[in-house]
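Listed below, chain by chain, are the residues.
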Amino acid sequence: MIMFYQKMLAYMKIVMVVFNHSLREYCKNKIFAILIIFSLFSIYASLLVGVMAVDQEFRVLTDFGLGLMELMAFVYIIYMSAISITEEFKSKTIYLVLSRPVPKNAYLLGRMLSLFALAAVILLFAGSFQLILLKFRGFAYPPLYHNILLLMWMKLAIISSITVFLSFVSTSVITTVIISIMLWTLGHFAPETKFLIEKTQGISQIFFKLSYFLIPNFQIYNLKDYYDSGLIAHIDNFKPVIYLFAWVLATFSFSAFIFRKKEF
Amino acid sequence: MKNEIIAEFSNISKIYKIKQFCSSRRNIALKNFNFDIKRGEIVGLLGLNGAGKTTVMKLLAGLIFPSSGEILIGGINPIFSGAKQKIGFLPELPYFYPYMTCIEILTYYAKLSGFKEYKGKINKVIDKVGLTWHTSKKISEYSKGMMQRLGLAQAVLHEPELLILDEPVSGLDPLAVHDVRNLIAGINKEGTTVFLSSHSISELEKICHRVIILSLGGIVKTVECDAWKTAGGLEKIFINSIKGGEEVRKR
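Attention here is on the structure that accompanies the text. Small disclaimer: the values here were computed from a predicted structure and weren't measured.

Topic: the interface of chain A and chain B
In step 1: Taken together, the 19 residues of chain A in the interface contact 23 residues of chain B.
In step 2: Among the secondary structure elements, those contributing two or more residues to the side of chain A that touches chain B are α1 (2–28) and α5 (94–98) of chain A.
In step 3: In terms of residue count, the dominant contributor to the side of chain A that touches chain B is α1(A) (five residues).
In step 4: Across the side of chain A that touches chain B, the residue classes tally to eleven nonpolar, four polar and four charged.

Rendered as structure tokens:
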């Protein structure tokens, strides 16, 4: 038991070393700086759009800002998830990591957790800026704002882990990014896919059923839609969390399986 | 102690499968490769380009897996952490994160190695490899020679039992070659076993106790230090072995 505990502790230490190193790497990237500046400008632009909306200023400012925030975070997370591990393969920096007593799955876990942390950093940073702007315009704290950000982060964590998995199996970064964008887009049409499953039969139905299970349902994370449609009371609090764990665990397991067999 | 085996290759074969459109091609890199490294010695691996030197190094570092046979480092397969704790590896042309300084890089690698007393050791190692005046520079500003020195620093930092160096003097200027050679000899005197590959005969001749001549994925000769001293140099033995080995293989 003590041996197991010591092994776990050593394992987690390695995960944390990789996590810290990776998060620092992502935040030091020039594209990150450009994206943060661009997202701040965009949120500021939403303020100007909001002013033009007159009586809907609060709604426009909040919705427009949140939309832009998600888009910016998505772009950077997809990009970083697609290159973070493959770039280490290409530059051969992985040699000096894996020739040390570093289990491949500990390295992978550290990298994935740092991508999730990166998504949280972006959302917290941009979210704080938006709240300052709202305060500046004299508006109150938007209802369920922190919940919206939390669910947005969960969505980003899922697509990030899928992109990491895709980066192991696809032939290029562009292919990984394109497939991830497609999955992200299709994932927002899960209710429509469900509707088509009910309306079709035979091969078409099998096809839609398959796509419903193979493409993540991002719609369950769009709290803003539930709030606007007055269905907020119908939300199952645990479903998004369980769904997140299931997707992350599945993609991590598949990635770790491929990584274990990979040679350098 | 001197005869204690620290690493052994038993009947190792390595076949690379090169994927092509709708098919794959097999490239035999090593075939029935057998040899041992004894504790405390400096063993050189000599061969022409494409002889399989880097494959041997990567197999020992656990970066690739043998197609058949068994490799053991201190009785443990190199894919396991127990074996990796015993080795220090310098790949041919080491690559580092360009945005970091050498202290940051060495700290990162020391932590990954699980080496606890790294704080005092980092400055000593930096001093040893001659990078004391370059600690504030980022790696992107380093020359090839400085990268090689840093490569050596990261390989010896955690005090490994076996140092694996793939072409450690490749592309270096004569002064850097001299420094690296002295450094390797010094590390060996401290008790570390060194296994290095090169296609520079003169370099191996100067520091090795034993040299393994490799050709087309197989050992053609193992030469002890005394043998090349009495035979008038390693070059003569190498050329005869390579030519003889190739003829045998052709036949």
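Details of helix α1 (residues 53–61) of chain B
Residues and elements named next belong to chain B.
In step 1: Counting buried residues along α1, nine of its nine residues qualify, which places the element largely inside the surrounding structure.
In step 2: For α1, the full list of buried residues reads K53, T54, T55, V56, M57, K58, L59, L60 and A61.
In step 3: Following α1 by one or two positions, G62 has its phi on the positive side, about 75°.

A few points about unusual backbone geometry
In step 1: One non-glycine residue, L144(A), lies in positive phi territory at about 60°.
In step 2: Relative to the elements of secondary structure, L144(A) occurs in the loop between α6 (104–136) and α7 (145–169).
In step 3: For L144(A), a count of 15 C-beta atoms within 10 Å gives the class partly exposed.
In step 4: Notably, N11(B) is not glycine yet its phi reads approximately 50°, a positive angle.
In step 5: Mapping N11(B) onto the fold places it in strand β1 (residues 5–20).

Focus: the pairing of strand β8 (residues 210–215) of chain B
All names here are of chain B.
In step 1: Along β8, five of the six residues are buried, which leaves the element largely enclosed by surrounding structure.
In step 2: As judged from the five bridges shared by strand β3 (residues 42–47) and β8, these two strands associate in the parallel manner. The residue bridging L45 from the neighbouring strand is I212, located in β8.
In step 3: The pairing of β8 with strand β9 (residues 218–224) spans six bridges and is classified as antiparallel. Each residue of the ladder has a partner; that of S215, found in β9, is G218.
In step 4: Taken together, β8 and the strand that follows it, β9, pair antiparallel across an intervening segment of two residues, in which L216 is found at a positive phi of about 45°.

Conventions adopted
Residues numbered from 1 in each chain as written. Chains lettered and ligands numbered in written order. Predicted model: local features only at pLDDT ≥ 70, side-chain atom pairs only at ≥ 80, totals over all residues. Contact = placed C-beta atoms within 7 Å. Helix = DSSP H or I, 4+ residues; strand = E, 2+ residues; numbered from the N terminus. Nonpolar A, V, L, I, M, F, W, Y, C, P; charged D, E, K, R; others polar. Buried ≥ 20, exposed ≤ 12 C-beta atoms within 10 Å, placed from the backbone. Pairing = 2+ DSSP bridges.

That's the geometry; what it means functionally is another story.
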